[in-house]
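# Report on the structure
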Amino acid sequence: MEIIVDKDKKLVEVWLSRIESAKPETEAALKLIYDEYSKMKFKTVVFRRGAAGIRRKHSPPVRYRPAERDS
């Protein structure tokens, strides 16, 4: 778990690995983080690593298309 706090923007970023996301105790730890920073009027954002890589999941397939020639 990586926690990044930006005091100027009042923002807390929490980055979780796949393994951390699957653990039940992670939710309890996140609740403590939410509670602590919400008292200071910070917004908390949680980023969870998914099963597929972002490039594979969101990129269109790459296809070779030869340029058309004018005759």
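Below or above, wherever it landed, is the structure these notes cover. (Residues numbered from 1 in each chain as written. Predicted model: local features only at pLDDT ≥ 70, side-chain atom pairs only at ≥ 80, totals over all residues. Heavy atoms only, no water.)

### Quick word on the packing of aromatic side chains
In total, this model carries two aromatic pairs according to the counting rule given. Geometrically, the ring pair formed by Trp-15 and Phe-47 is stacked, given 4.2 Å between the ring centres and 15° between the ring planes. Of this pair, Trp-15 sits in strand β2 (residues 11–16) while Phe-47 is found in strand β3 (residues 43–48), placing the two residues 32 residues apart along the sequence. Residue class for Phe-47 comes out partly exposed when judged on its relative accessible area of 32%. (Phe/Tyr/Trp six-rings, centres within 6.5 Å; stacked < 30°, edge-to-face > 60°. Helix = DSSP H or I, 4+ residues; strand = E, 2+ residues; numbered from the N terminus. Buried < 20%, exposed > 50% of the residue type's maximum accessible area, 1.4 Å probe, protein only.)

### A closer look at the nonpolar core
Counting residues in hydrophobic clusters, the biggest one holds seven residues: Val-12, Val-14, Leu-16, Leu-30, Ile-33, Tyr-37 and Phe-42. Looking at this core, the elements that each hand over two or more residues are β2 and α2 (24–38). (Core = buried A, V, L, I, M, F, W, Y, C linked by side-chain atoms within 4.5 Å.)

### Details of the side chain of Glu-20
Following the sequence through the fold, Glu-20 ends up in helix α1 (residues 18–22). The side chain of Glu-20 is buried and forms no salt bridge, while Lys-23, the nearest opposite charge, is found at 6.6 Å. Sequence-distant contacts of Glu-20, that is, excluding residues within four places in its chain, are made with Met-1, Trp-15 and Thr-26. (Lys, Arg positive; Asp, Glu negative; His and termini not counted. Salt bridge = Lys/Arg side-chain N within 4 Å of Asp/Glu carboxyl O. Contact = heavy atoms within 4.5 Å.)

Everything listed here is a matter of coordinates, which is why it stays silent on function.
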